[in-house]
Amino acid sequence: MNCRRQGSKPKIALWMLVAAADVAIIVASTGLLALTLVLTVLAVTVTVGVYAARSLTNREPEPAKAVVRRRA
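Reading the values: rules and limits
Residues numbered from 1 in each chain as written. Predicted model: local features only at pLDDT ≥ 70, side-chain atom pairs only at ≥ 80, totals over all residues. Heavy atoms only, no water. Helix = DSSP H or I, 4+ residues; strand = E, 2+ residues; numbered from the N terminus. Buried < 20%, exposed > 50% of the residue type's maximum accessible area, 1.4 Å probe, protein only. Areas by Shrake-Rupley, 256 points an atom, 1.4 Å probe, with all protein chains shown as cover. Patch = residues over 30% accessible without salt bridge, like charges linked within 9 Å, V, L, I, M, F, W, Y side chains within 5 Å. Salt bridge = Lys/Arg side-chain N within 4 Å of Asp/Glu carboxyl O.

S.K.: Give a description of the overall build of the protein chain that names residues and reports values.
M.R.: Within the protein chain, the regular secondary structure consists of two helices and zero strands. Every one of the 72 residues in the protein chain was classed for burial, and the buried ones make up 1%. Taken as a whole, the protein chain presents about 7,500 Å² of accessible surface, with 68% of it coming from carbon and sulfur.

Written out as structure tokens, the structure is:
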């Protein structure tokens, strides 16, 4: 029987290594211009994602309610 659970960290690390090797093969076959284009698109995507996350979490605070006091 296989006692190893699915989705373990070594398996994820192996797939990350495979993905990095795929990117290296694509860059080697297409050239440096493609790498620059991919990195630019990735940077823009991350920047837009961070901006969207911040704009969703930073909401304007509600104004404080005015307290009306009676005269004695």
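S.K.: Before we move on, can you summarise a nonpolar patch on the surface with the specific residues and values?
M.R.: On the surface, Leu14, Trp15, Leu17 and Val18 cluster together to form a nonpolar patch covering roughly 430 Å² of accessible area. Residue position: Leu14 is located in helix α1 (residues 9–30).

Purely spatial values, then, with no claim about function.
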